[in-house]
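If you want the building blocks of each chain, they are given just below.
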Amino acid sequence: MKGENSSEGVLVICLQGIGNTLMTLYAVEKFLETHPARLYLAVSNNGSHELALLQAPKDQVYLWDESKSATNNILHLGIKLRQTNFNEVYLSYPSGRRESIIGLLTRATEKKVLMDGVGDWKFFRKLYKSKMTKQSKIHDINANFLLFEIPNQGFLSSGKVVIEAIRRDYDSYAEQFFSENSLLGNFVVALHPGAKGDGKRWAMEKFIQLCKELNKRVDCKFIIVGGDDELLLKKAVANGIGGSAVMLNSSSVIKTASVLRRCNLFIGNDSAPMHISAISGVPVIALWSYTDFYRTAPYGDGNVIVRKAYDCSPCYSFTDWYKDDCKYHLRCIKDLELDDVLPIVSHCIEIMLSEKRKVRTGDIHSLKTEGIDRIYALEHGCTVVDLKG
């Protein structure tokens, strides 16, 4: 154990999903550029640890084991983390009860947390001395820039360490996958029909029909991605699309990321593959449900989200769990029809192919579709297409 008066390094605690971890690491990388420090990470073993190990050595990564109880994890991590006296401990945003309890158990010169007015008592954030307040309607990446006190006017480029490590160590895997499936030289669309919680998923049948209609307009190839728990869904979508679709069967987040970064476009729901694609620089078209798009839209310009602009949406709060139903029966995603989505996706692909660039917000304004209510850009550049509810 380190001496009581000695301290070292920075601990960042992020015990959320893969997408949250990726967005946290994006901000951490920028923080380390101006504040060099020995980095320690506490993450979940839900796949997030693969990303963490690209940015910190194994002996500086602490794991929350999802197969064990919260009590077991708190005791195990608490004991391990107390062996080091950290200079600073950061609870990444969003922070829940897991992060807060673990953070309170650590020994550190300073502990920092971001307040948002939602669940601050429930998740013990109020117990921390060093607190900052998050503004409303800003992205989680920008919220973490605020936590790390990094000046930001809307968008900051980062993620180079993770993306470069994926390219360096797994590019050959992606090259082989593309070669074996005759994808080289084609316009390749990554498709993710899954998501955490059924309420975030656009209907499987609509994904299939969308891809069939796109192939009537453009010669596309589709890679169906998703986790091991989505195998049946991936098979059904791939079989429904037919010969232009192949499945990616890999339980590795990093291998999946290596394939995603080679694609020309990502189409899917609000999910980890969506965030991986956006941060890798792959244009994203996301079909949005009830989650807070201000917080978790694909980060940066060239990305588009399509949503039904109902007054009740977004309704997701971090203090709640994922929704499988609501009093409106998830009309935000269920009422999003193929006829709403197809013209927007086709228009974006046409611009990408003809002008060899990413889509801009102004490009969508040129689309004459009656169902569009409003088109605007978020603070980091992502375009939002609000459809009439």
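Residues numbered from 1 in each chain as written. Predicted model: local features only at pLDDT ≥ 70, side-chain atom pairs only at ≥ 80, totals over all residues. Heavy atoms only, no water.

What follows covers the pairing of strand E13 (residues 372-377). With five bridges joining them, E13 and strand E14 (residues 383-387) adopt antiparallel strand pairing. Bridge pairing links Ala377 to Thr383 in E14. (Pairing = 2+ DSSP bridges. Helix = DSSP H or I, 4+ residues; strand = E, 2+ residues; numbered from the N terminus.)

With that out of the way, let us pick up the side chain of Lys308. Tracing the backbone shows Lys308 in strand E12 (residues 304-308). Within the structure, Lys308 has its side chain in polar contact with the backbone oxygen of Lys388 (distance 3.2 Å). (Polar contact = N/O pair within 3.5 Å; in protein donor to acceptor, adjacent residues only side chain to side chain.)

Following the sequence through the fold, His139 ends up in the loop between strand E6 (130-133) and helix H5 (140-147). Within the structure, His139 has its side chain in polar contact with the backbone oxygen of Ala297 (distance 2.6 Å).

Time to look at the environment of Met352. Among the structural elements, Met352 can be located in helix H13 (residues 338-355). Distance in space between the C-alpha atoms of Met352 and Phe187 is 10 Å, their sequence separation being 165 residues. Ignoring any residue separated from it by four or fewer positions in sequence, one finds Met352 in contact with Phe187, Asn264, Leu265, Pro283, Arg357 and Val359. (Contact = heavy atoms within 4.5 Å.)

For sheets, the rule is that strands pair by backbone hydrogen bonds, running either parallel or antiparallel. Taken together, the eight strands give an open sheet; going across it, the order is E9-E8-E7-E10-E11-E12-E14-E13, and neighbouring strands pair in mixed fashion. Both edges of this open sheet fall to strand E9 (245-247) and E13, since each of them pairs with a single strand only. Each strand axis lies, on average, 20° off the axis of its neighbour in the sheet, ignoring direction. Here three bridges tie strand E10 (residues 265-268) to strand E11 (residues 284-287), and the two strands are oriented parallel to one another. Bridging from a neighbouring strand, Gly268 pairs with Ala286 of E11. (Axes fitted to C-alpha atoms, helices over the stretch in contact; angles between N-to-C directions.)

A separate point is the environment of Lys323. For Lys323, the position within the fold is in the loop between E12 and helix H12 (331-334). A relative accessible area of 19% places Lys323 in the buried class. Here the alpha-carbon distance between Lys323 and Val28, two residues 295 residues apart in the chain, equals 30 Å. Each residue touching Lys323, except ones within four places of it in the same chain, is listed here: Gly199, Tyr290, Cys315 and Leu330. (Buried < 20%, exposed > 50% of the residue type's maximum accessible area, 1.4 Å probe, protein only.)

Moving on: the packing of aromatic side chains. Summed over all chains, the structure comprises 11 aromatic pairs. Judged by centre distance (5.1 Å) and plane angle (85°), the rings of Trp202 and Phe207 are edge-to-face. For the pair formed by Trp202 and Phe207, the shared burial category is buried. Among the aromatic side chains, those forming a connected cluster through ring pairs are Tyr26, Phe145, Phe155 and Tyr299. We note Arg262 situated over the ring of Phe178; from NZ or CZ to the ring centre the distance is 5.9 Å. Note that Arg331 overlies the ring of Tyr328, its terminal NZ or CZ placed 4.1 Å from the centroid. (Phe/Tyr/Trp six-rings, centres within 6.5 Å; stacked < 30°, edge-to-face > 60°. Lys NZ or Arg CZ within 6 Å of the ring centre and 35° of its normal.)

The terminal C-alpha atoms of helix H6 (residues 160-180) lie 28 Å apart, and with 21 residues this matches the ideal 30 Å at 1.5 Å per residue to within 8%. In the structure, H6 departs most strongly from a straight axis at Tyr170, where the bend amounts to approximately 65°. Three or more residues of H6 are buried, namely Val162, Ile163, Ala165, Ile166, Ala174, Phe177 and Phe178. Ser182, located one to two residues past H6, shows a positive phi value of around 55°. (Expected span 1.5 Å × (residues − 1). Bend = angle between axes of the 7 residues up to and from the residue.)

Here we have six strands laid out as an open sheet, ordered E3-E2-E1-E4-E5-E6, and parallel in their pairing. Each end of this open sheet is capped by a strand with a single partner; those strands are strand E3 (61-64) and E6. For this sheet the average axis-to-axis angle between neighbouring strands, irrespective of direction, equals 20°. Examined bridge by bridge, strand E5 (residues 107-115) and E6 share four bridges and lie parallel to one another. Looking at the pairing, Leu114 lines up with Met132 of E6. Packed on one face of the sheet, H5 meets strand E4 (85-91), E5 and E6 and runs near 140° to E5.

A separate point is the packing of helix H3 (residues 70-81) against helix H4 (residues 97-105). Where H3 contacts H4, the axes come no closer than 9 Å and their chain directions differ by 35°. Crossing of H3 against H4: the hand is right-handed. From H3, Asn73, Ile74, Leu77, Gly78 and Leu81 reach across to H4, where they touch Ile101, Ile102 and Leu105. (Left-handed = near helix turned anticlockwise from the far one by under 90°.)

What follows concerns H3. With 12 residues, H3 extends 16 Å between its outermost C-alpha atoms, agreeing within 8% with the 16 Å of an ideal straight helix rising 1.5 Å per residue. Within H3, the full set of buried residues consists of Asn73, Leu77, Gly78 and Leu81. One side of H3 carries all its buried residues, which in axial view fall inside an arc of 120°. The exposed set on the far side of H3, more than 90 degrees from its buried face, consists of Thr71, Leu75 and Ile79. Against strand E1 (10-14), E3, E4 and H4 lie the buried residues of H3. (Arc of directions from axis to C-beta.)

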